[in-house]
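Structure assessment
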Amino acid sequence: MTETQMRIARAISLQAPTFDSRQDGLGVGNTEPRISWRFLCKDLGVRGWQQREYHIELSRTGVVETYRVESPESVRVPWPGAPLSSRERAFVRVRSIGVAQDCETLIATNWSSWASVETGLLNKEEWSSQLITGQQETSLEKPIRPLLLRRSFEGPDIQQRISKARLYVTAQ
């Protein structure tokens, strides 16, 4: 690799991917979320970066799959792997291969940071709930204050048995 190629490779980096144009990947509403990433340049001397292809690494249940796509696109690109199922979590990172104004040789960026994406409950039959309400009464004659809704979860040794929990909240 020439000095110019090394300088370009060090200068171009990618932000962690986002999903379906959301800031975080928690609770996406479809099985094949679109993926986007942004480029950062640390060296103002590097000009004219053009992506020619990208690689996506997708990690599900500890298995990493790599996909190579020839495309200049970096916004809302198609999900490369098998569709996600309800409540499934995956981790994604990307890298770009392209050229810069000073160098027509293909150069690969470093991999972005891993980003997580997790689908919500996608099927109506997966939803089960118990309604909870606030204790305070509301009046149209007074300013409306936010309602505080609480629910405690009790049971024998519940803190020892549950290591992780996720609440899916909606309104009726």
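Each value, and the rule that gives it
- Residues numbered from 1 in each chain as written.
- Predicted model: local features only at pLDDT ≥ 70, side-chain atom pairs only at ≥ 80, totals over all residues.
- Heavy atoms only, no water.
- Helix = DSSP H or I, 4+ residues; strand = E, 2+ residues; numbered from the N terminus.
- Polar contact = N/O pair within 3.5 Å; in protein donor to acceptor, adjacent residues only side chain to side chain.
- Core = buried A, V, L, I, M, F, W, Y, C linked by side-chain atoms within 4.5 Å.
- Buried < 20%, exposed > 50% of the residue type's maximum accessible area, 1.4 Å probe, protein only.
- Contact = heavy atoms within 4.5 Å.
- 1 Å grid on protein atoms, 1.4 Å probe; cavity = no way out; pocket = protein on both sides within 12 Å on 5 of 7 lines; lining within 4 Å.
- Points joined across faces, edges and corners; volume = space filled by probe spheres on them.
- Pairing = 2+ DSSP bridges.
- Patch = residues over 30% accessible without salt bridge, like charges linked within 9 Å, V, L, I, M, F, W, Y side chains within 5 Å.
- Areas by Shrake-Rupley, 256 points an atom, 1.4 Å probe, with all protein chains shown as cover.
- Salt bridge = Lys/Arg side-chain N within 4 Å of Asp/Glu carboxyl O.
- Disulfide = S-S within 2.5 Å.
- Arc of directions from axis to C-beta.

As for the environment of T119
- Summarising the element assignment, T119 is placed in strand β10 (residues 115-119).
- Sequence-wise, T119 and G25 are 94 residues apart; in three dimensions their C-alpha atoms are separated by 8.0 Å.
- A distance of 2.5 Å separates a polar side-chain atom of T119 from the backbone oxygen of S85.

As for the nonpolar core
- Judged by nonpolar contacts, the single largest core of 16 residues is most densely connected at F19, I35, W37, I56, W79, V92 and V117.
- With residues near it in sequence (within four places) discarded, F19 still touches G25, V28, P33, R34, I35, W79, V92, A115, S116 and V117.

Observations concerning the layout of surface pockets
- Put simply, the second largest pocket is a space of about 240 Å³.
- Residue lining of the second largest pocket: Q15, A16, T18, S21, R22, Q23, S36, W37, R38, S74 and V75, and that is the complete set.

Remarks on unusual backbone geometry
- In this model, D20 sits at a positive phi of 50°, which is unusual for a non-glycine residue.
- As for its position among the elements, D20 is in the loop between β2 (18-19) and β3 (26-28).

Points about the side chain of S13
- Checked against the element boundaries, S13 lands in strand β1 (residues 12-14).
- Excluding its chain neighbours within four sequence positions, the residues that come into contact with S13 are R38, F39, L40 and K42.

Overview of the pairing of strand β6 (residues 50-60)
- Of all the 11 residues making up β6, 9 are buried; the element is thus mostly covered by neighbouring parts of the structure.
- Two strands pair when backbone bridges link them, and β6 and strand β8 (residues 89-100) are joined in this way by 9 bridges, in the antiparallel orientation. Residue pairing for β8: Q50 is matched across the bridge by V99.
- The sheet contact formed by β6 and strand β7 (residues 63-70) spans 8 bridges and is antiparallel. Within the sheet, the bridge partner assigned to E57 lies in β7 and is T66.
- Between β6 and β7, which pair antiparallel in sequence order, lie 2 residues; one of them, T61, sits at a positive phi of approximately 45°.

What to know about a nonpolar patch on the surface
- Judged by side-chain polarity, V64, F91 and W114 come together as a nonpolar surface patch covering roughly 270 Å² of accessible area.
- Inspection of the secondary structure puts W114 in the loop between β9 (103-108) and β10.

Observations concerning the state of the cysteines
- Enumeration over the complete set of coordinates arrives at 0 disulfides.
- You can see C41 has no disulfide; the closest cysteine sulfur is in C103, sitting 14 Å from it.

Examining the side chain of S36
- In this fold, S36 is placed in strand β4 (residues 35-36).
- Residue contacts for S36: discarding those within four places in its chain leaves P17, T18, S74, V75 and R76.

Some words on helix α1 (residues 3-11)
- Buried within α1 we find Q5, I8, A9 and A11. The buried residues of α1 occupy one face: seen down the axis, they fall within an arc of 165°. Facing away from the buried surface of α1 by more than 90 degrees, the exposed residues are E3 and R10.
- Taken together, the buried residues of α1 touch β1, β5 (39-41), β8 and β9.

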